[in-house]
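Each chain, letter by letter, is given below.
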Amino acid sequence: MVLAFKEKLKESISSILPIAIIIVILSVAVGIDTYSFVLFLIGSVLLILGLSGFNMGADMSMLVMGEKVGSALTHSRKIWLIALVSFIIGVIVTIAEPDLQILAGYVSDSINNWLLIITVAVGVGIFLMIAMLRIVFRIRLSILLIVFYVIAFLLAFFFVDSSFWAIAFDAGGVTTGPMTVPFIMSLGVGVASIRSDKEGKDDSFGLVALSSTGPVIAVLVLGIITNASNIEYVVTETSTQVGSLQDVCIDFLHGFAEYAQEVGVAIAPIVVFFIVFQIITRSFHKRQIIKIVLGLLITFVGLVLFLAGANVGFAPIGTLIGQELGSLWGGWLLIPVGMIVGYFVVAAEPAVHVLNKQVEKVSAGAIKATAMKMALSISVCCALGLAMLRVITGISIMYILVPGYALALILTFFTPKLFTGIAFDSGGVASGAMVSAFVIPMAIGACTQINGEAAATAIMTDAFGCVAFVALMPLITIQVFGILYKRKTAKIKRTFLTVEDRILTYEVD
């Protein structure tokens with residue numbers, strides 16, 4: 001267990017440290033007050049410890065439960081049971097997703113916190129159920145993606161106010177994190193094993209993709225039901241703060257108390273599901289039960305530390321830095337800063353390293369992990385550059401999302417099926433903790449400074465959307481790599497056949 005924690009700690013440090021160094025440099029450059037800087041330093045430590053504990057606990061509990069549930073569903077071979085359990089799992093694991101908790105916290109004054117979380121969770125549950133049934137009935141992933149994204153954009157353009165668009169598409173990016181993905185992937189592999197055909201392995205990818213689409217449509221439907229229009233962000237004035245070390249401790253203690261309650265409510269459904277599943281199936285022996293319970297406790301502590309570090313430590317300094325950058329040269333410094341942050345966000349994300357190795361393995365070494373890493377880093381770098389351009393200019397998010405998703409969906413007809421699944425699965429992988437914990441607050445702070453009295457409305461339309469852009473770029477990048485892989489393997493095959501023909505001709509002669 002100690003070795004496992006050390007490994008997770010190393011991953012968390014590599015993920016958070018590059019961004020923390022950038023924040024330190026920016027803090028010195030723009031003159032952030034000491035009080036906020038101390039909050040940030042303590043928040044960085046809590047973020048590293050919390051993310052390490054959360055990932056370790058999720059591996060000990062969530063991954064083990066996911067594999068057992070997937071195995072049980074496989075052996076049952078009952079379609080109605082697969083659908084029902086997929087829906088339940090989708091709902092309960094999404095509620096505990098840390099990135100979703102952070103996003104909901106930012107808009108809690110404008111949209112009820114738990115209403116947004118439950119809406120997103122139900123969306124994931126429904127679409128995870130659809131994703132599982134797709135595997136069973138062998139429905140092509142690209143067809144479903146086209147249908148659902150067309151539905152999403154039609155709902156957005158004709159039925160939902162524009163102030164709701166960015167939140168809806170951000171919701172799709174924050175749901176596929178370390179809590180949700182282990183369950184979803186293990187379920188997919190288990191259900192795909194029901195099929196004996198060669199394409200079963202390819203169809204095991206794409207579950208995360210469809211599960212990311214569900215929240216977008218669900219939040220748009222929420223906007224229709226609530227008749228939401230001209231939603232305004234409740235702007236709280238953030239200025240230079242003065243306080244003692246005691247005040248810093250009090251701030252974090254309040255944070256611990258608040259997030260312990262929220263995390264307890266979020267993890268409770270998972271605990272109930274585990275108890276019911278064990279009573280019905282008796283799948284776990286005593287040692288496994290102890291390991292899972294311990295894993296859930298570590299997950300709880302890690303998530304509390306993570307949320308406290310993100311919201312008490314990182315968010316305030318992100319907002320202050322955004323305000324300072326927004327006041328310099330019309331805010332145009334935001335674009336290069338956003339691009340630098342984007343490059344290091346994805347380069348340091350542990351899940352991205354896993355994805356890169358997966359693609360290298362699937363392509364039999366034809367596509368190197370280093371090339372994938374560079375391509376994703378550049379694409380996310382451009383994504384956050386575009387996000388900051390929106391903050392400055394106020395252009396509609398649809399000017400980027402519509403052509404971006406159109407290109408991604410067109411590419412599905414030219415990309416190998418396996419790469420289509422990996423590409424759309426990876427959209428949520430790139431949008432890690434740092435995008436939610438720092439980039440969104442920075443965009444909010446900059447938007448407040450640039451728009452002045454109109455900031456309350458502008459933040460909802462211009463500042464949010466960062467996660468959506470980061471989630472979009474890998475869809476295009478990895479599919480392009482899939483096309484290159486297809487051409488490369490076809491060329492190798494043609495060369496092999498040509499050589500073989502020459503050998504045969506020589507032997508005949």
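Scroll up to find the structure.
Residues numbered from 1 in each chain as written. Predicted model: local features only at pLDDT ≥ 70, side-chain atom pairs only at ≥ 80, totals over all residues. Heavy atoms only, no water.

## Thoughts on the overall build of the chain
- What the chain contains, in helices and strands, is 21 helices and zero strands.
- Looking at the chain residue by residue over its 509 residues, the buried ones come to 56%.
- Here the analysis covers contacts within the chain between residues at least 6 apart in sequence; of these, 88% occur between residues at least 24 apart.
- Total accessible area on the chain stands at roughly 21100 Å², and carbon and sulfur atoms take up 68% of it. (Helix = DSSP H or I, 4+ residues; strand = E, 2+ residues; numbered from the N terminus. Buried < 20%, exposed > 50% of the residue type's maximum accessible area, 1.4 Å probe, protein only. Contact = heavy atoms within 4.5 Å. Areas by Shrake-Rupley, 256 points an atom, 1.4 Å probe, with all protein chains shown as cover.)

## Examining a nonpolar patch on the surface
- On the surface, Val150, Leu154, Phe157, Phe158, Phe159, Ile224 and Val402 cluster together into a nonpolar patch covering about 660 Å² of accessible area.
- With respect to the secondary-structure elements, leucine 154 resides in helix α7 (residues 141-159).
- Residue leucine 154 is classed as partly exposed on the basis of its relative accessible area, which comes to 42%. (Patch = residues over 30% accessible without salt bridge, like charges linked within 9 Å, V, L, I, M, F, W, Y side chains within 5 Å. Salt bridge = Lys/Arg side-chain N within 4 Å of Asp/Glu carboxyl O.)

## With respect to the environment of leucine 307
- Along the chain, leucine 307 turns up in helix α13 (residues 286-326).
- Accessibility expressed as a relative area gives 1% for leucine 307, which makes it buried.
- Measuring from C-alpha to C-alpha, the distance between leucine 307 and glutamate 258 comes to 9.7 Å, with 49 residues separating the pair along the chain.

## Focus on the packing of helix α6 (residues 113-137) against helix α11 (residues 207-225)
- Running from N to C, α6 and α11 point in directions that differ by 140 degrees, and their axes come no closer than 7 Å. Between α6 and α11, the interaxial angle falls into the category oblique. The two elements α6 and α11 meet at a crossing, and its hand is right-handed. Residue-level contacts link Leu115, Leu116, Thr119, Val120, Gly123, Val124, Phe127, Leu128, Ala131, Met132, Arg134 and Ile135 of α6 to Leu207, Leu210, Ser211, Thr213, Gly214, Pro215, Ile217, Ala218, Val219 and Leu222 of α11.
- Counted by class, the contact of α6 with α11 contains 16 nonpolar, five polar and one charged residues. (Axes fitted to C-alpha atoms, helices over the stretch in contact; angles between N-to-C directions. Parallel < 35°, antiparallel > 145°, perpendicular 65-115°, else oblique. Left-handed = near helix turned anticlockwise from the far one by under 90°. Nonpolar A, V, L, I, M, F, W, Y, C, P; charged D, E, K, R; others polar.)

## A short note on the pattern of salt bridges
- Counted according to the given criterion, the structure contains one salt bridge.
- Among the ionic pairs, lysine 8 bridges to aspartate 59, the shortest N-O distance being 2.6 Å. Taken as a pair, lysine 8 in helix α1 (residues 2-30) and aspartate 59 in helix α2 (residues 34-60) lie far apart in primary sequence, 51 residues in all.
- Given the relative accessible area of 31%, aspartate 59 is considered partly exposed.

## Digging into unusual backbone geometry
- Backbone geometry at arginine 282 places phi at a positive 50 degrees, although glycine is not the residue there.
- In the Ramachandran plot, tryptophan 329 falls in the positive-phi region, its phi being about 50 degrees despite a non-glycine side chain.
- Mapped onto the fold, tryptophan 329 is located in the loop between α13 and α14 (334-347).
- Accessibility expressed as a relative area gives 67% for tryptophan 329, which makes it exposed.

## Considerations on the nonpolar core
- By size, the foremost hydrophobic cluster in this structure holds 159 residues, and its most contacted members are Leu401 and Phe464.
- Here this core gets 14 residues from one element, more than from any other, and that element is α13.
- Those residues in contact with phenylalanine 464, other than ones at most four positions away along the chain, are Leu103, Tyr106, Val107, Ala166, Ile167, Asp170, Tyr233, Arg390, Ile440, Ile444 and Ile459.
- Judged by nonpolar contacts, the second largest core, of six residues, contains Tyr35, Leu39, Leu46 and Val312. (Core = buried A, V, L, I, M, F, W, Y, C linked by side-chain atoms within 4.5 Å.)

## What about the packing of helix α5 (residues 98-106) against α13?
- At their nearest, the axes of α5 and α13 sit 10 Å apart, and the two run at 40 degrees to each other. Classified by the interaxial angle, the pair formed by α5 and α13 is oblique. Along this stretch, α5 crosses α13, giving a crossing that reads as right-handed. The segment α5 lies against α13, with Pro98, Asp99, Gln101, Ile102 and Tyr106 engaging Leu303, Phe306, Leu307, Ala310, Asn311 and Ala315.
- Here the residues of the contact of α5 with α13 are counted per class, giving eight nonpolar, two polar and one charged.

## Here we look at the side chain of arginine 390
- With respect to the helices, strands and loops of the structure, arginine 390 is situated in helix α16 (residues 369-393).
- It is aspartate 462 that comes nearest to the buried, bridge-free arginine 390 among opposite-charge side chains, at 4.1 Å.
- A distance of 3.1 Å separates a polar atom in the side chain of arginine 390 from the backbone oxygen of aspartate 462.
- Within the local environment of arginine 390, its side chain forms a polar contact with the backbone oxygen of phenylalanine 464, the two atoms lying 3.1 Å apart.
- When residues no more than four places from it in sequence are discounted, the contact partners of arginine 390 are Ile395, Ser396, Ile397, Ile400, Thr461, Asp462, Phe464, Gly465 and Phe469. (Lys, Arg positive; Asp, Glu negative; His and termini not counted. Polar contact = N/O pair within 3.5 Å; in protein donor to acceptor, adjacent residues only side chain to side chain.)

## Here's the deal with the packing of aromatic side chains
- Evaluated as defined, the whole model comprises 13 aromatic pairs.
- Measuring from centroid to centroid gives 5.6 Å for phenylalanine 274 and phenylalanine 284, while their planes differ by 50 degrees, and the two rings are tilted. In this pair, phenylalanine 274 sits in helix α12 (residues 245-281) while phenylalanine 284 sits in the loop between α12 and α13, placing the two residues ten residues apart along the sequence. Take phenylalanine 274 and phenylalanine 284: they sit in the same class, and that class is buried.
- Pairwise contacts between aromatic rings join Tyr149, Phe153, Phe169 and Tyr405 into one cluster. (Phe/Tyr/Trp six-rings, centres within 6.5 Å; stacked < 30°, edge-to-face > 60°.)

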